[in-house]
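# Breakdown of the fold
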Amino acid sequence: QKEVEQDPGPLSVPEGAIVSLNCTYSNSAFQYFMWYRQYSRKGPELLMYTYSSGNKEDGRFTAQVDKSSKYISLFIRDSQPSDSATYLCAMSARPGGSEKLVFGKGTKLTVNP
Amino acid sequence: NAGVTQTPKFQVLKTGQSMTLQCAQDMNHNSMYWYRQDPGMGLRLIYYSASEGTTDKGEVPNGYNVSRLNKREFSLRLESAAPSQTSVYFCASSDYGTPGYGYTFGSGTRLTVV
């Protein structure tokens, strides 16, 4: 079993839809959770991060962590064509520095006008 | 607004040729990483440097070497390129002070080996 599993999609939704992106993980030591957004032919950029369990909201984006189920989610409300990108989850057991992140393979999202 | 700068952005090599991919960050981060990204494979760690003066192998180090030249610069060398090394290469950096302890990535180098 891989440490982090992420459905690669692709996922295609109409503009204005609510999008749910998910990752599952097997390592119960993970405490730091991140979502990266990667536009075509660009490098990944950090979109949201959370520590331990709970929710975090930033505009139209909500990150949710359920450590009991080893499951994290990213919700996008009122999705826009500009949200079309690949979304990668990432996680680690300890904060930054030399701690290597473990990445999911990414989910490709297309939001159709 | 530099962040992590990678050069070159594109490169075509012939099998057996060598080249060095350059990476520099201006955020005073201690840790730096080299990844390759292939369709369906996600990001795979090639080498990383936890701090200046140290380097360690990642998941797919064969065929590559690295040099942490100083705190800012971390280069990746292909000594004898093979078609299997055709990929997009990303450099990243991080430190305890980065938001969420996440990585900052460069814009990538697209390498084709023919």
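Let us look at the structure shown here. (Residues numbered from 1 in each chain as written. Chains lettered and ligands numbered in written order. Predicted model: local features only at pLDDT ≥ 70, side-chain atom pairs only at ≥ 80, totals over all residues. Heavy atoms only, no water.)

## With respect to the overall build of chain A
Basically, it comes down to this: Only DSSP runs of H or I covering at least 4 residues are called helices, and only runs of E covering at least 2 are called strands; the numbering of each starts at the N terminus. Radius of gyration: C-alpha atoms only; globule rule: 2.2 Å multiplied by the number of residues to the exponent 0.38. For the exposure calls, accessible area comes from a 1.4 Å probe over protein chains only, and a residue counts as buried if that area is under 20% of its type's maximum, exposed if over 50%, partly exposed in between. Every residue pair with non-hydrogen atoms within 4.5 Å of one another is taken to be in contact. With residues, only the protein chains shown are counted as cover, and all accessible areas are computed by Shrake-Rupley using a 1.4 Å probe. In this tally, Lys and Arg are treated as positive and Asp and Glu as negative; His is ignored, and so are the chain termini. By convention, charge coordinates are those of NZ in Lys, CZ in Arg, CG in Asp, or CD in Glu.
For chain A, the count of helices and strands is zero helices and eleven strands. Mapped in sequence order, the helices and strands of chain A form the string β-β-β-β-β-β-β-β-β-β-β. Relative to its length of 113 residues, chain A is compact, with a C-alpha radius of gyration of 14 Å against a globular reference of 13 Å. Its C-alpha atoms put chain A at 40 × 30 × 25 Å along the principal axes. For chain A, buried positions account for 44% of its 113 residues. Once local pairs closer than 6 in sequence are excluded, the contacts in chain A between residues at least 24 apart make up 54%. Approximately 5400 Å² of chain A is accessible, and the part contributed by carbon and sulfur atoms is 46%. When the 13 basic and 11 acidic side-chain charges of chain A are each reduced to a single mean position, those positions are 7 Å apart.

## As for the sheet that holds strand S7 (residues 61-66) of chain A
All names here are of chain A. Cut-off, in case you're wondering: Paired strands, in this sense, are two strands between which DSSP finds at least two bridges. To define axes, lines are fitted to C-alpha atoms, for helices over the stretch in contact only, and angles between the resulting N-to-C directions are given on a 0 to 180 degree scale.
An order of S1-S3-S8-S7-S6 is seen for the five strands of this open sheet, with the pairing classed as antiparallel. What marks the edges here is a single partner per strand, and that holds for strand S1 (4-6) and strand S6 (54-58). On average, adjacent strands in this sheet sit at an angle of 15° to one another, irrespective of strand direction. As paired strands, S6 and S7 are joined by five bridges and run antiparallel to one another. Within S7, the residue paired with Lys-56 across the bridge is Ala-63.

## Observations regarding the interface of chain B and chain A
Stated formally: Using a 1.4 Å probe, buried area is obtained as the accessible area two parts lose upon being combined, added over both of them. For this document, the term salt bridge refers to a Lys or Arg side-chain nitrogen within 4 Å of an Asp or Glu carboxyl oxygen.
Each side of the interface is counted separately: chain B has 25 residues, and chain A has 20 residues. Summing both sides of the interface, chain B and chain A together bury roughly 1900 Å²; the carbon and sulfur share of this comes to 61%. Considering only the surface of chain B that becomes buried against chain A, Tyr-101, Tyr-103 and Phe-105 of chain B emerge as the three largest contributors, covering 26% of it. The interface formed by chain B and chain A holds zero salt bridges in total. Broken down by secondary-structure element, the contributors of at least two residues to the side of chain B that touches chain A are strand S4 (31-38), strand S5 (42-49) and strand S9 (87-94) of chain B.

## Re the pattern of salt bridges
Residue and element names in this part refer to chain A. Here the structure, examined in full by the defined rule, presents six salt bridges over all chains. For Arg-77, the salt bridge identified is with Glu-57, shortest N-O distance 3.4 Å. One end of the pair, Arg-77, is in the loop between strand S8 (71-76) and strand S9 (85-92); the other, Glu-57, is in strand S6, and 20 residues separate them in sequence. Under the relative-accessibility criterion, Arg-77 is labelled partly exposed at 29%. Across the pair Asp-83 and Arg-60 runs a salt bridge, and its minimum N-O distance is 2.8 Å.

## A word on the state of the cysteines
As a reminder, the rule being used: The disulfide criterion is simple: two cysteine sulfur atoms within 2.5 Å.
Applying the stated criterion to the full structure yields two disulfides over all chains. Here Cys-23 of chain A pairs with Cys-89 of chain A through a disulfide, and the sulfurs are 2.0 Å apart. The sign of the -100° torsion about the S-S bond sets the Cys-23 of chain A-Cys-89 of chain A disulfide as left-handed. One end of the pair, Cys-23 of chain A, is in strand S3 (residues 19-25); the other, Cys-89 of chain A, is in strand S9, with 66 residues separating them in the sequence. Across the disulfide, Cys-23 of chain B is cross-linked to Cys-91 of chain B (sulfur-sulfur distance 1.9 Å). When the S-S torsion is -75°, as for the bridge of Cys-23 of chain B with Cys-91 of chain B, the disulfide is left-handed.

## A word on the sheet that holds strand S8 (residues 74-78) of chain B
Residues and elements named next belong to chain B. The sheet built from four strands is open, its strands ordered S1-S3-S8-S7 with antiparallel pairing. Among the strands making up the open sheet, the edge pair consists of strand S1 (4-7) and strand S7 (64-68). The mean angle between the axes of side-by-side strands here comes to 15°, regardless of whether they run parallel or antiparallel. Relative to strand S3 (residues 19-25), S1 runs antiparallel, the two sharing four bridges. Residue pairing across strands places Thr-7 opposite Gln-22, the latter belonging to S3.

## Quick look at the environment of Ser-107 of chain B
Rule in force here: What qualifies as a polar contact is a pair of N or O atoms within 3.5 Å, subject to a donor-acceptor requirement within protein and to the restriction that residues adjacent in sequence count only when both atoms come from side chains.
Mapped onto the secondary structure, Ser-107 of chain B falls in the loop between strand S10 (104-105) and strand S11 (109-113). For Ser-107 of chain B, a relative accessible area of 35% corresponds to the partly exposed category. Taking the C-alpha atoms as reference points, Ser-107 of chain B and Thr-5 of chain B, separated by 102 residues in sequence, lie 7.3 Å from one another. Setting aside chain neighbours within four positions, we find Ser-107 of chain B in contact with Arg-41, Lys-42 and Gly-43 of chain A together with Gln-6, Lys-9 and Phe-90 of chain B. At a separation of 3.4 Å, a polar atom in the side chain of Ser-107 of chain B contacts the side chain of Lys-9 of chain B.

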